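Residue-level listing of the chains:
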Amino acid sequence: MTVRLHWFLPTGGDGRTLVDRHAYGPNDARKGAGVRAPDIAYLAQIAKAAEQLGFEAVLTPTGTWCEDAWLTTAALAQHTERLKFLVAFRPGLLSPTLAAQMAATYQRVTRGRLLLNVVTGGDSAEQRRFGDHLDHDQRYERTDEFLSVVRGVWRGEPYDFDGAHYWVEGGLTALPPDPVPQLFFGGSSAAAGPVAARHADVYLTWGEPPAQVQRKIDWIRSLAEREGRTVRFGIRLHTISRDTSAEAWATADRLLDDLDAGTIAAAQAALGRSESVGQRRMLELHGGSRDRLEIHPNLWAGVGLVRGGAGTALVGSHAEVADRIEEYHALGVEHFVLSGYPHLEEAYWFGEGVIPELSARGLLDRTAAPVAGGGAPLLVSGGR
């Protein structure tokens, strides 16, 4: 099992600060110095850098505060040749039959470069903005049905489904994807686990300390075994990698210096209202305090003071960051979905510093040629 690396597209804007500008910052924050709009020209720079540096794919978020992932990545596919796109969307806002058709078309247009990030949703207020009024557990029940329909429709022959949330008669994609995409899934709640066990090829977690990640792996693995299935694993992390450890931690400290108490309090209040168990676990790592943010060697919880979703970063020298990736890999983690602020510069810091370290340790498959027409995975996770 080799390490598979992915990067992130900041379709809500980018910059040299951790502040989630649209959600928690002041209304005019996006006009501030150093804030980069998520236009195609800038995002194409990140996508091209990721492709050239050896990342397999780039994740896109979904929600109120970012550009539509389908349209943005379809445009970016024209600027790249091999890079895959993890396109995020939410069950309940789109027919599963239409989603299956869109995914099959995207696969053909991009020659197999689509991954789908199906976001169940952990914030009812955010879901209601899109007209979705189901509660947390009902959303996971719907996701279970949604994924059943998508897979059924991909068979290429009329498919019927009669569930609590979907009633489909004769659903199909006339030209199904070939091969059928793999399925990735994320979720830390009791409602999420069985859905992952039934549907996931890869279970994706946010970057908790290794001991907690190990418990999650054991949990999902045992649920999958009861279903007669096996599941692989991935993790979502930020990175601050530099030539020396001191340089990396100085960068982390600078990011904290940009945060005032009011911004942190507003972010923590908003994030605390989330129904997501994974979000709750991220908040528990730091408790809203700047103290003791290194929660495991080279694992820093400072990002989660103001950012929803993935809230931890690997911080250190290139060798130290590679050490932590190797530590997670030893637990069984295969996919690493990474990001950093700003995303263009941090892609190069990681790509030119950590990737050679991982390669020298034999953790990367540097001989695999890009595949032009096949099974890009379907990614199901929290989306950022």
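Given the structure is predicted, the values throughout are model-derived calculations rather than measurements. Per chain, the residues get numbers from 1 upward, laid out in the order the sequence is written. For this predicted model, a pLDDT threshold of at least 70 governs which residues receive local features, and a threshold of 80 or more governs which side-chain atom pairs are given and counted, while totals over whole chains, interfaces and linings are taken from all residues. Where side-chain values are given, they derive from all heavy atoms of the structure, hydrogens and water being excluded.

### Here's the deal with helix 8 (residues 245-257)
Step number 1: By the criteria applied, helices consist of DSSP H or I runs no shorter than four residues and strands consist of E runs no shorter than two, each listed in order from the N terminus. A helix is expected to reach a length of 1.5 Å times the quantity of its residues less one. Spanning 13 residues, helix 8 covers 18 Å between terminal C-alpha atoms, matching the ideal 18 Å at 1.5 Å per step.
Step number 2: By the burial criterion, the buried members of helix 8 are Ala248, Trp249, Thr251, Ala252, Leu255 and Leu256. Down the axis of helix 8, the smallest arc covering the buried residues is 150°, so these residues share one side. Seen from the open side of helix 8, the exposed residues pointing more than 90 degrees away from its buried face are Ala246 and Asp257.
Step number 3: Here, residues are in contact when the closest pair of their heavy atoms is within 4.5 Å. On its buried face, helix 8 is in contact with strand 9 (232-242), strand 10 (294-296), strand 11 (299-300) and strand 12 (313-317). Type-normalised accessible area, obtained with a 1.4 Å probe on protein chains alone, sets the label of each residue: buried when under 20%, exposed when over 50%, and partly exposed for intermediate values. To obtain the arc, one takes the directions from the helix axis to the C-beta atoms.

### Brief notes about the packing of helix 1 (residues 40-53) against helix 12 (residues 343-360)
Step number 1: It is the contact of helix 1 with helix 12, at a shortest axis distance of 9 Å, that shows an interaxial angle of 5°. Relative to helix 12, the element helix 1 lies roughly parallel. Residues Tyr42, Gln45, Ile46, Ala49, Gln52 and Leu53 of helix 1 lie in contact with helix 12, whose contacting residues are His343, Leu344, Ala347, Tyr348, Gly351, Glu352 and Ile355.
Step number 2: Any residue that is not Ala, Val, Leu, Ile, Met, Phe, Trp, Tyr, Cys, Pro, Asp, Glu, Lys or Arg is counted as polar, Gly included; the first ten are nonpolar and the last four charged. Of the residues assigned to the contact of helix 1 with helix 12, the class counts are 8 nonpolar, 4 polar and 1 charged. Here an axis means a line fitted to C-alpha atoms, over the contact stretch when the element is a helix, while the angle between two N-to-C directions is reported on a 0 to 180 degree scale. With respect to orientation, any angle under 35 degrees is reported as roughly parallel, any angle over 145 as roughly antiparallel, any angle of 65 to 115 as roughly perpendicular, and every other angle as oblique.

### Considering the pairing of strand 8 (residues 202-206)
Step number 1: When you tally the buried positions in strand 8, you get 5 out of 5 residues, the bulk of the element.
Step number 2: Taking every second residue as pointing to the same face, both faces of strand 8 are buried, with Val202, Leu204 and Trp206 on one and Tyr203 and Thr205 on the other.
Step number 3: Bridge count for strand 7 (residues 184-185) against strand 8 is 2 bridges, and the pairing is parallel. Across the sheet, residue Phe184 finds its bridge partner in strand 8, namely Val202.
Step number 4: Following the chain from strand 7 across helix 6 (residues 192-199) to the adjacent parallel strand 8, one finds a crossover that is right-handed.
Step number 5: One ladder, built from 5 bridges, connects strand 8 with strand 9; its direction is parallel. Opposite Trp206, over in strand 9, you have Arg236 as the bridge partner. Two strands make a pair as long as DSSP finds a minimum of two bridges between them. Handedness rule for crossovers: strands pointing away from the viewer, path from the first strand over the helix to the second running clockwise, crossover right-handed.

### Concerning unusual backbone geometry
Step number 1: With an omega of -10°, the peptide bond running from Tyr341 to Pro342 counts as cis.
Step number 2: On the secondary structure map, Pro342 appears in the loop between strand 13 (333-339) and helix 12.
Step number 3: Even without a glycine there, the phi angle at Arg111 is positive, about 60°.
Step number 4: Counting through the fold element by element, Arg111 comes out in the loop between helix 3 (96-110) and strand 4 (114-118).

### Regarding empty space enclosed by the protein
Step number 1: Using protein atoms alone on a 1 Å grid, points that fit a 1.4 Å probe yet trap it form a cavity, whereas open point sets bounded by protein on both sides within 12 Å along at least five of seven lines form a pocket; residues with an atom within 4 Å of a point count as lining. Grid points are joined across faces, edges and corners, and a volume is the space filled by probe spheres set on the points. By the definition in use, this model includes 1 cavity of 30 Å³ or more.
Step number 2: If you add up the space inside the largest cavity, you get close to 50 Å³.
Step number 3: For the largest cavity, the full set of lining residues is Leu18, His238, Thr239, Ile240, Leu255, Trp300, Val303, Ala313, Gly340, Tyr341 and Glu346.
Step number 4: Taken together, the residues of the lining of the largest cavity break down into 7 nonpolar, 3 polar and 1 charged.

### Notes on the nonpolar core
Step number 1: The set of buried Ala, Val, Leu, Ile, Met, Phe, Trp, Tyr and Cys residues whose side-chain atoms join them within 4.5 Å is what this entry labels a nonpolar core. Counting 77 residues, the largest nonpolar core has Leu5, Phe85, Ile325, Tyr328, Phe336, Phe350 and Leu358 as its most contacted members.
Step number 2: Of the residues forming this core, the biggest block, 8 residues, is contributed by helix 1.
Step number 3: Excluding its chain neighbours within four sequence positions, the residues that come into contact with Tyr328 are Glu208, Pro209, Pro210, Val213, Ile235, Leu237, Leu299, Leu314, Val333 and Phe336.
Step number 4: Ranked by size, the runner-up nonpolar core spans 23 residues in total, among them Ala248, Leu256, Ile264 and Leu285.

### Comments concerning the packing of aromatic side chains
Step number 1: Pairing of aromatic rings covers Phe, Tyr and Trp, the last through its six-membered ring, and needs centres within 6.5 Å; plane angles under 30 degrees mean stacked, over 60 mean edge-to-face, and all others mean tilted. Under the defined criterion, the tally for this structure stands at 8 aromatic pairs.
Step number 2: Considering the side-chain rings of Trp7 and Phe55, the 5.2 Å spacing of their centres and the 45° angle between planes classify their relative orientation as tilted. Placement of Trp7 in strand 1 (residues 4-8) and of Phe55 in the loop between helix 1 and strand 2 (57-59) is noted, with a sequence separation of 48 residues between them. Each member of the pair, Trp7 together with Phe55, is buried.
Step number 3: Feature note: the residues Trp70, Phe89, Tyr106, Phe146 and Tyr166 constitute an aromatic cluster, connected by ring pairs.
Step number 4: Our definition puts a charge over a ring when NZ of Lys or CZ of Arg is within 6 Å of the ring centre and also within 35 degrees of the ring normal. Lying across the ring of Phe8, Arg307 places its NZ or CZ 5.7 Å from the centre.

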